[in-house]
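Single-letter residue listing:
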Amino acid sequence: NWKMENLLDEEINIIKETVGPDDHVICALSGGVDSTVAATLVHKAIGDRLHCVFVDNGLLRYKERERVMETFERDLHLPVTCVDAVDQFLSKLKGVTDPEVKRKIIGKEFISIFDSFGHDLELKIGKKPSYLVQGTLYPDVIESCPPPGSGKTHSHTIKSHHNVGGLPKDMKLKLIEPLKLLFKDEVRQLGKILNVPNAFLKRHPFPGPGLAVRVLGDVTEGNALEVLRQVDEIFIQSIKDAGLYDSIWQAFAVFLPIKSVGVQGDQRTHSHVVALRAVTSQDGMTADWFNFEHQFLDNVSRKICNSVRGVNRVVQDITSKPPSTIEWE
Ligand code: XMP
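Rules behind the numbers
- Residues numbered from 1 in each chain as written.
- Predicted model: local features only at pLDDT ≥ 70, side-chain atom pairs only at ≥ 80, totals over all residues.
- Axes fitted to C-alpha atoms, helices over the stretch in contact; angles between N-to-C directions.
- Helix = DSSP H or I, 4+ residues; strand = E, 2+ residues; numbered from the N terminus.
- Parallel < 35°, antiparallel > 145°, perpendicular 65-115°, else oblique.
- Left-handed = near helix turned anticlockwise from the far one by under 90°.
- Contact = placed C-beta atoms within 7 Å.
- Nonpolar A, V, L, I, M, F, W, Y, C, P; charged D, E, K, R; others polar.
- UniProt positions renumbered as here; feature names shortened; annotations may be inferred.
- Domains from an automatic or database assignment.
- Core = buried A, V, L, I, M, F, W, Y, C linked by C-beta atoms within 7 Å.
- Buried ≥ 20, exposed ≤ 12 C-beta atoms within 10 Å, placed from the backbone.
- Pairing = 2+ DSSP bridges.
- Right-handed = clockwise from strand over helix to strand, strands pointing away.

Visitor: Which residues make up the packing of helix 2 (residues 33-46) against helix 7 (residues 184-193), and what values go with them?
Guide: Taken N-terminus to C-terminus, the directions of helix 2 and helix 7 make an angle of 45°; their axes are 10 Å apart at the nearest point. Taken as axis vectors, helix 2 and helix 7 run oblique relative to one another. Of the two possible hands of crossing, helix 2 and helix 7 adopt the one that is left-handed. Note on element contacts: helix 7 touches helix 2 through Val187, Arg188, Leu190 and Gly191, opposite Val33, Asp34 and Val37. Here the residues of the contact of helix 2 with helix 7 are counted per class, giving 4 nonpolar, 1 polar and 2 charged.

In structure tokens:
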């Protein structure tokens, strides 16, 4: 694939030219395709002047922190520091229901964590890091920042993805965004050339604000996050077991802030409703809902209601994008 090989060489040269010989760079790894490929690329260009951090913000999926850290160490040999910031994020999100406010808060907390990670690093290596690597893709740029001259203002923005729109203006770190002109499938091709393991390349996209945009309303209410993690895990495992994971762009569960009446055993219940969403897409800009077989949905729905306490109803999202977006918030 000569086009991608050229692009890789070009990107590595740009990074070498941009980052001075004594400059240090921070990269936040999410465990997803974009940040992993971006980090591997920058690592190739500047070696151990790259310092990676993985933030547990309390908005991750089931056992995600353990799973991702293990894979980084075992498969990628990238030195990664894990920061436990669960209380920091969740305390700031308490009582917040507006999706855009959630994104802004989360973006701000991430930056404050990168700042203190940079500060700790300075104490260790005797120099302030100068750059922050982000795995921003072309569709993020289009959807977050209206192109100049398009006549659109920021209010036309669909969602302020925190890795593009939501960064504070006073941030001290300069940005390196080596994937900014690429679509997801191109990032996967680039990752393949960089020998990034399939476990990373084939992972479904996961939004930066994580489960905060999949628990509708206040994420700290009751045990919503825990319920969602369990439901999501059952759904994703079932998809993998059925051999469908690679045919789907994104699949996930959504926790709805409503209760409905059910009957479990001989008991009337008044419990939560969860929604399942799975879509196919080329680039995330448009998407079609994925049509599971009746039997698959029946098994998943039964499994969820039988094993997740506090859920008595499962619904499926059958809207495409547009008119819906992929995430519910
Ligand atoms: P939507 O919901 O806008 O999502 O159709 C398109 C793609 O973007 C992801 N997404 C986000 N990614 N920060 C991110 O890094 C965000 O705030 C965010 N919101 C949505 C979404 O998962 C889908 O892949």
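Visitor: Hey, could you go over the UniProt feature "binding site: ATP" (unreviewed entry) in the chain for me, with residue numbers and the actual values?
Guide: Feature annotation in UniProt places "binding site: ATP" (unreviewed entry) on Ser30, Gly31, Gly32, Val33, Asp34, Ser35 and Thr36, given in this structure's numbering. When you line up the elements, Ser30 lands in the loop between strand 1 (25-28) and helix 2. Ignoring anything within four residues of it in the chain, the contact list for Ser30 reads Ser35, Phe206 and Gly208. If we skip the residues at most four places from it in the chain, Gly32 touches Arg203, Pro205 and Phe206.

Visitor: So, the packing of helix 1 (residues 2-18) against helix 7: which residues are in play, and what are the values?
Guide: Between helix 1 and helix 7, the least distance of the axes is 10 Å, while the angle of their chain directions is 80°. The angle between helix 1 and helix 7 places the two elements in the roughly perpendicular class. Mapping the contact onto sequence places Met4, Glu5, Leu7 and Leu8 in helix 1 and Gln189, Leu190 and Ile193 in helix 7. The class makeup of the residues in the contact of helix 1 with helix 7 is 5 nonpolar, 1 polar and 1 charged.

Visitor: Please provide a residue-by-residue account of the domain arrangement of the chain, values included.
Guide: Taken domain by domain, the chain comprises domain 1 (2-201) and domain 2 (214-316). Facing 11 residues of domain 1, the contacting portion of domain 2 comprises 11 residues. Class assignment of the residues belonging to the side of domain 1 that touches domain 2 gives a composition of 6 nonpolar, 2 polar and 3 charged.

Visitor: Explain the nonpolar core to me, using residue names and the numbers behind them.
Guide: Ranked by internal contacts, the top residues of the largest apolar core, which has 72 residues, are Val25, Cys27, Val42, Val133, Leu228 and Val231. If near-sequence neighbours (up to four positions away) are discounted, Leu228 is found in contact with Leu211, Arg214, Val215, Ala253 and Phe255.

Visitor: Let's hear about the environment of Leu137: which residues, and what values?
Guide: With respect to the helices and strands, the residue Leu137 is situated in the loop between strand 4 (131-133) and helix 6 (138-144). The class for Leu137 is buried, based on 27 C-beta atoms found within 10 Å. For the pair formed by Leu137 and Val187, sequence separation is 50 residues and the distance between their alpha carbons is 8.5 Å. Sequence-distant contacts of Leu137, that is, excluding residues within four places in its chain, are made with Asp34, Leu179, Leu182, Phe183, Lys184 and Val187.

Visitor: Describe the sheet that holds strand 4, with residues and values.
Guide: If you walk across this open sheet you meet the 5 strands as 3-2-1-4-5, and the pairing is parallel. Here the strands that pair on one side only, and so sit at the sheet edges, are strand 3 (80-84) and strand 5 (174-176). Each neighbouring strand pair of the sheet contributes to a mean axis angle of 30°, computed without reference to strand direction. Relative to strand 4, strand 1 runs parallel, the two being bridged by 3 bridges. In the strand pairing of strand 4, Cys27 is matched with Val133. Those strands touched by helix 3 (residues 64-76) are strand 2 (50-56) and strand 3, and its axis lies near 165° from that of strand 3.

Visitor: I'd love a proper account of the environment of Thr36, names of residues and values included.
Guide: Among the structural elements, Thr36 can be located in helix 2. For the pair Thr36 and Phe200, spaced 164 residues apart in sequence, the C-alpha separation works out to 7.4 Å. Among residues more than four places away in sequence, those in contact with Thr36 are Leu29, Val196 and Phe200.

Visitor: How would you sum up the pairing of strand 2? Please name residues and give values.
Guide: For strand 2, the buried fraction is high: 5 of the 7 residues fall into the buried class. Pairing analysis gives 4 bridges linking strand 1 to strand 2, with the strands arranged parallel. From the neighbouring strand, Ile26 faces strand 2, where its bridge partner is His51. Tracing the backbone out of strand 1, into helix 2 and back to the parallel element strand 2 gives a crossover that is right-handed. In this structure, strand 2 lies alongside strand 3, joined through 5 bridges in parallel fashion. Of the residues in strand 3, the one forming a bridge with Val55 is Val83. Following the backbone out of strand 2, through helix 3 and into the adjacent parallel strand 3, one traces a crossover that is right-handed.

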